[in-house]
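One-letter residues, chain by chain:
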Amino acid sequence: MKICVLPGDGIGPEITAEAVRVLKALGLKFEMEEALLGGCAVDATGDPYPEATQKLAQAADAVLLGAVGGPKWDVYPREQRPERGLLGIRKQLGLFANLRPAVLYSELANASTLKPEVVSGLDILIIRELTGDIYFGQPRGIEVRNGEKVGINTMIYSESEIRRIAKVAFESARKRNKKLCSVDKINVLECTQLWRDTVSGMAADYPDVELTHMLVDNAAMQLVRNPKQFDVMVTGNMFGDILSDEASMLTGSIGMLPSASLDANNKGMFEPCHGSAPDIAGKGIANPLATILSAAMMLRYTFAREAEAQHIESAVKKVLAQGYRTGDIYESGAKRVGTREMGDAVLAAL
Ligand code: NAD
């Protein structure tokens, strides 16, 4: 079980250190090696995704990433921006399936802007296709037609692209509450008619999974009206971009949200949904739980270690129940802790 650890920039090194401690405490035989990605890689080599990191990431079974970026590099030429490193690694590793769970621990129900009864106990998984759709389709660009400028993008999906993401979704639903909602816009977009037909055509192979379909505008509304009706949602790149951010905000605490990006063989990159938080970097106060929960996703999806994944998730639940809170999720009366103490609490609960 080879893990390439990429701490990255800002709070990245602080939060990945805690996730690595948790992984080591499981007593499994991991081989972990660190490399540079993002701004720190630019500083050291001039390249946000240097050759040495590429080799290590390609040879590993999974990548654990902190976060990249910061104001220091925002003025650099585009090819030396930290985000280039992130896009580079996603592309090189062929990570087409982005999994974002939105779980609201009942202890944090007040952190959401929605009423506690609407979100308490929320546990949904949004699966977004990551390498196709209107974000990559050709033709694209801005050109002059009939004497005025027009902007063009192309929404395009092949059957094989739809099938491979739908397979991830059906299989994920199987491991959860066996409900899958596929989101499209068939009333307007032919591309998504193919999406719906293809997903429907696969349903017979998964008789234990209840498949439903929803138009994206309704899905956006239902996510805030009654989010607990969903188990797994699957959709294309653009709809998924928007819906996954909407879903993550149901929980109200960005420091709690993990993510996984997988290839066809379940090799993946696991990272918190948040960024490098330059405003709190180096202060030892960042919430490491999203990264620790990302490590749990790694165990579940890449290494098929469901039991250990659940141990970590239960440990996180326990420390919340014990009242430990970093600043971002702090409520009066709770025990305010820093990054390392939160890691200590998870280790103790484990
Ligand atoms: P951010 O997620 O880094 O921070 C937003 C706010 O949330 C900040 O106030 C921050 O302090 C807080 N926050 C984030 N994570 C936290 C944690 N674990 N614990 C406590 N508080 C936390 O978003 P931003 O400020 O828009 O971006 C900062 C940098 O991160 C930018 O350079 C951006 O490009 C980069 N970024 C990287 C990724 C990634 O690596 N995947 C994702 C998003 C943004």
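The rules behind the values
Here the residue numbering is sequential within each chain, running from 1 through the sequence in written order. This being a predicted model, a pLDDT of at least 70 is required before a residue's local features are given, and a value of 80 or more before pairs of side-chain atoms are given or counted; all residues contribute to the totals for chains, interfaces and linings. By convention in this description, side-chain values take in all heavy atoms of the structure and omit both hydrogens and water. Elements are defined by DSSP. Helices are runs of H or I of four residues or more, strands are runs of E of two residues or more, and each kind is numbered from the N terminus. Computation of the radius of gyration draws on C-alpha atoms, with the globule rule given as 2.2 Å multiplied by the number of residues to the power 0.38. For every residue, the accessible area obtained with a 1.4 Å probe (protein chains only) is divided by the maximum for its type, and the residue is called buried under 20%, exposed over 50%, and partly exposed between those limits. Only heavy atoms matter for contacts: two residues are in contact if any of them lie within 4.5 Å across the pair. Areas reported here follow the Shrake-Rupley algorithm with a probe of radius 1.4 Å; residue values treat only the protein chains shown as occluding. The charge count treats Lys and Arg as positive and Asp and Glu as negative. His and the chain ends do not count. Each charge is placed at NZ for Lys, CZ for Arg, CG for Asp and CD for Glu. A pair of aromatic rings is counted whenever rings of Phe, Tyr or Trp (Trp by its six-membered ring) have centres within 6.5 Å, and the orientation is called stacked for planes under 30 degrees apart, edge-to-face for over 60 and tilted otherwise. Here a residue is considered near a molecule or strand provided that any single heavy atom belonging to it is located within 4 Å of it. Think of a polar contact as two N or O atoms within 3.5 Å of one another; within protein, one of them needs to be a possible hydrogen donor and the other a possible acceptor, and neighboring residues in sequence only count if both atoms come from side chains. As a working rule, the residues Ala, Val, Leu, Ile, Met, Phe, Trp, Tyr, Cys and Pro are called nonpolar, Asp, Glu, Lys and Arg charged, and the rest polar, with Gly in that last group.

**Student:** How do you make sense of the overall build of the chain when you look at a structure like this?
**Tutor:** The secondary structure content of the chain amounts to twelve helices and 14 strands. A globule of 350 residues ought to have a C-alpha radius of gyration of about 20 Å, and the chain, at 20 Å, matches this closely. Dimensions along the principal axes, computed over C-alpha positions, put the chain at roughly 60 × 50 × 40 Å. Per-residue burial over the chain gives 52% buried out of 350 residues. Within the chain, residue pairs in contact and separated by at least 24 positions form 75% of the contacts whose partners lie at least 6 positions apart. A total accessible area of about 15400 Å² is found for the chain, and carbon and sulfur atoms account for 51% of it. Charge separation in the chain, taken as the distance between the mean sites of 39 positive and 44 negative side-chain charges, equals 2 Å.

**Student:** Sorry, what's going on with the packing of aromatic side chains here?
**Tutor:** Any aromatic ring pair is given by two values, namely how distant the centres are and how the planes are angled relative to each other. This structure, assessed with the given rule, holds three aromatic pairs. Note on Phe 30 and Phe 303: the rings are 5.9 Å apart at their centroids and 50° apart in plane angle, and the pair reads as tilted. Taken as a pair, Phe 30 in the loop between helix H1 (12–25) and strand S2 (31–34) and Phe 303 in the loop between helix H10 (289–301) and helix H11 (306–321) lie far apart in primary sequence, 273 residues in all. Assigned by exposure class, Phe 30 and Phe 303 land together as buried.

**Student:** Hey, could you run me through the site of the ligand in this one?
**Tutor:** The local shell around the ligand holds 19 residues, among which Val 68, Gly 275, Ala 277, Asp 279 and Asn 287 are the closest. In this structure, an oxygen atom belonging to the ligand sits 2.9 Å away from a main-chain N or O atom of Val 68. With respect to the ligand, the backbone of Gly 70 contributes an N or O atom lying 3.0 Å from an oxygen atom. Across the complex, the protein chains shield 67% of the 810 Å² of accessible surface that the ligand would expose by itself. Across the shell around the ligand, the residue classes break down as nine nonpolar, six polar and four charged.

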